[in-house]
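Chains, contacts and geometry: an overview
Single-letter residue listing:
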Amino acid sequence: MLKGFKDFISRGNVIDLAVAVVIGTAFTGLVKAFTDNVIQPLIDRIGATPGKDYGFLKIPLGGDTFVNLNAVLTAGLNFLIVAAVVYFIIVAPFKKLKERDKKVAEGDTELTVLTEIRDLLRENGVEVVGKHGTPGATPQPQSHEGE
């Protein structure tokens, strides 16, 4: 049972995932601090007159109760910033690398081309032999009927 757990933990994917979670958490904290301390005060001032602390996005309902659309707008901006960074720093480059890898994997390598040539020669009746001390390929005459 412990061996199975050790194998699970020592896989590269689990370690990569743990690093991604730690970095993602740290980055989210950074973005949250930026939006709370820079964006939120700017949004709070939208529509605010000199006599008010908050603009029209913070609606008082009576007493100390209010609807704070400023916080909702700030959370939306927070989400957009995190999503943009994740897309442009992680998703887009990974997609480009994956496309490049697929082109290499799908491309004709020297081995695949030579294998295709060998197969075509065999189909046309040419004996194909190895390169180490064995006789070379001897072409067989083909009949070209109807030419």
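Going by the structure above, here's the rest.
Residues numbered from 1 in each chain as written. Predicted model: local features only at pLDDT ≥ 70, side-chain atom pairs only at ≥ 80, totals over all residues. Heavy atoms only, no water.

Moving on: the overall build of the protein. Summing up its helical and strand segments, the protein has 4 helices and 2 strands in all. Helices (α) and strands (β) of the protein occur, in sequence order from the N terminus, as α-α-β-β-α-α. The 147 residues of the protein split such that 10% are buried. In the structure as shown, the protein presents an accessible area of about 12200 Å², 66% of it carried by carbon and sulfur atoms. (Helix = DSSP H or I, 4+ residues; strand = E, 2+ residues; numbered from the N terminus. Buried < 20%, exposed > 50% of the residue type's maximum accessible area, 1.4 Å probe, protein only. Areas by Shrake-Rupley, 256 points an atom, 1.4 Å probe, with all protein chains shown as cover.)

Below, the discussion takes up the side chain of asparagine 78. Tracing the chain through its elements places asparagine 78 in helix α3 (residues 69-106). For asparagine 78, a relative accessible area of 15% gives the class buried. Among residues more than four places away in sequence, those in contact with asparagine 78 are Val31, Lys32 and Thr35. (Contact = heavy atoms within 4.5 Å.)

The subject of this paragraph is the pattern of salt bridges. Scanning all chains against the criterion turns up 2 salt bridges. Among the salt bridges present, the one from lysine 32 reaches aspartate 36, with a minimum N-O distance of 2.8 Å. With lysine 32 and aspartate 36 both in helix α2 (residues 12-44) and 4 residues apart, the pair spans about one turn of that helix. On the basis of relative accessibility, which here comes to 33%, the residue aspartate 36 falls in the partly exposed class. Arginine 118 is paired through a salt bridge with aspartate 119; the nearest N and O atoms lie 3.0 Å apart. Owing to a relative accessible area of 32%, arginine 118 belongs among the partly exposed residues under this scheme. Classification of aspartate 119 by relative accessible area gives partly exposed; the value is 30%. (Salt bridge = Lys/Arg side-chain N within 4 Å of Asp/Glu carboxyl O.)

On the surface, Val85, Val86, Tyr87, Phe88, Ile89, Ile90 and Val91 cluster together into a nonpolar patch covering about 640 Å² of accessible area. Here tyrosine 87 shows up in helix α3. (Patch = residues over 30% accessible without salt bridge, like charges linked within 9 Å, V, L, I, M, F, W, Y side chains within 5 Å.)

Direction of pairing for strand β1 (residues 58-62) relative to strand β2 (residues 65-68): antiparallel, over a ladder of 4 bridges. Following the sheet pairing, proline 60 is matched in β2 by phenylalanine 66. In this antiparallel pair of consecutive strands, β1 and β2, the connection spans 2 residues, and glycine 63 shows a positive phi of 65 degrees. (Pairing = 2+ DSSP bridges.)

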